[in-house]
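# Examining the three-dimensional arrangement
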Amino acid sequence: MRFSEESLTALYESVREQMSEYRFIHTAEVEKMAVRLGNLYAPDKLDILRAAALLHDITKEYGIDAHAELIERGRESLSALDRLSYKTLHARSAVELIKEKYSEFADIDVLDAVRYHTTGRADMSVCEMIIYLADYIDDSRRFDDCVKLRNYFWDAHPENMSAEQREEHLLRTLLLSFDMTLTSLVAEGSPISAETVSARNSIILSLKR
Ligand code: DGI
Ligand code: FE
Ligand code: FE
């Protein structure tokens, strides 16, 4: 274990103080779901997954200026398109806040899982996929797409699959999630980040191999 039980408990309490009760309930549920998925896909990375889950939305309730300040402090720039896709900014500002304030958890696997939890990206690591999916299907989510994806994933009983089938099932579940997200972003006239498009294309390629 890279992160001790005590440090994860302290992180849980610290994160609770940083956000609204509503956001914390979601965060705690993402941690639980990440552990469930981790037991299936990455049992040696449960501590990484718990830290990433607890930290993934740490800046979700910040305004756009606070996101911009953190992101620019991390020597990254914000395009006009980034500002328009403001719902994706918290994943980038969270990475900077982790480096500044929670440096003990600033492990590359944690940072990347947080960084890509909203948009995904091409060739996602197993930790990135688990945090992305746990965030989508945590048990507190009631939106139709979330319920649909949760049922799609669990009703197939991944725990009974071979390693190969289980891997493919994860990719198919992510593909469905990107299809649903892209469909709703298009329906509302929102910009689509290039990372979301690359993530979907990359999964389609992986499934063809
Ligand atoms: O932070 P959460 O609410 O837990 O979930 P999240 O980090 O997955 O954020 C979801 C929001 O982000 C949702 O309103 C859709 C939006 N989003 C996801 N991908 C993109 C996006 N918005 C834009 N503009 N472009 C994207 O590619
Ligand atoms: Fe988020
Ligand atoms: Fe979230």
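What comes next is a walk through the structure. Fair warning: this is a prediction, and the values are worked out from it, not measured in the lab. (Residues numbered from 1 in each chain as written. Chains lettered and ligands numbered in written order. Predicted model: local features only at pLDDT ≥ 70, side-chain atom pairs only at ≥ 80, totals over all residues. Heavy atoms only, no water.)

### Here we look at the coordination of the iron ion (ligand 2)
Protein-derived ligands of the iron ion (ligand 2) are D57 (OD), H90 (NE2) and H117 (NE2), with the metal-ligand distances lying across 2.1 to 2.2 Å. Positions of the donor residues of the iron ion (ligand 2), expressed as sequence spacing, correspond to D-x32-H-x26-H. Taken as an interatomic distance, the gap from the iron ion (ligand 2) to the iron ion (ligand 3) is 3.4 Å; D57 donates to each of them. Of the two residues, D57 is situated in the loop between α3 (46-55) and α4 (64-73) and H117 in the loop between α7 (108-115) and α8 (126-137); the sequence distance between them amounts to 60 residues. (Donors = N, O, S within 2.8 Å, 3.2 Å for Na, K, Ca; no water. Helix = DSSP H or I, 4+ residues; strand = E, 2+ residues; numbered from the N terminus.)

### Here we look at the site of ligand 1
Taken together, the neighbourhood of ligand 1 is formed by 17 residues, with K60, T118, R141, P191 and T196 sitting nearest. Between ligand 1 and the protein, one listed contact pairs an oxygen atom with a side-chain N or O atom of R23 at 3.2 Å. Here H90 contributes a side-chain N or O atom positioned 3.1 Å from an oxygen atom of ligand 1. Contact with the protein chains covers 84% of the free accessible surface of ligand 1, which is 580 Å². Class assignment of the residues belonging to the shell around ligand 1 gives a composition of 3 nonpolar, 8 polar and 6 charged. (Near = heavy atom within 4 Å. Polar contact = N/O pair within 3.5 Å; in protein donor to acceptor, adjacent residues only side chain to side chain. Areas by Shrake-Rupley, 256 points an atom, 1.4 Å probe, with all protein chains shown as cover. Nonpolar A, V, L, I, M, F, W, Y, C, P; charged D, E, K, R; others polar.)

### Comments concerning the pattern of salt bridges
The full count for this structure, using the stated rule, is 20 salt bridges. Ionic pairing is found between R92 and D82, a salt bridge with its closest N-O pair at 3.1 Å. Placement of the pair is R92 in helix α6 (residues 89-101) and D82 in helix α5 (residues 80-84), with a sequence separation of 10 residues. In this structure, the salt-bridge partner of R200 is D179, at a minimum N-O distance of 2.5 Å. Placement of the pair is R200 in helix α11 (residues 194-208) and D179 in helix α10 (residues 163-187), with a sequence separation of 21 residues. The partly exposed category is assigned to R200, whose relative accessible area is 26%. (Salt bridge = Lys/Arg side-chain N within 4 Å of Asp/Glu carboxyl O. Buried < 20%, exposed > 50% of the residue type's maximum accessible area, 1.4 Å probe, protein only.)

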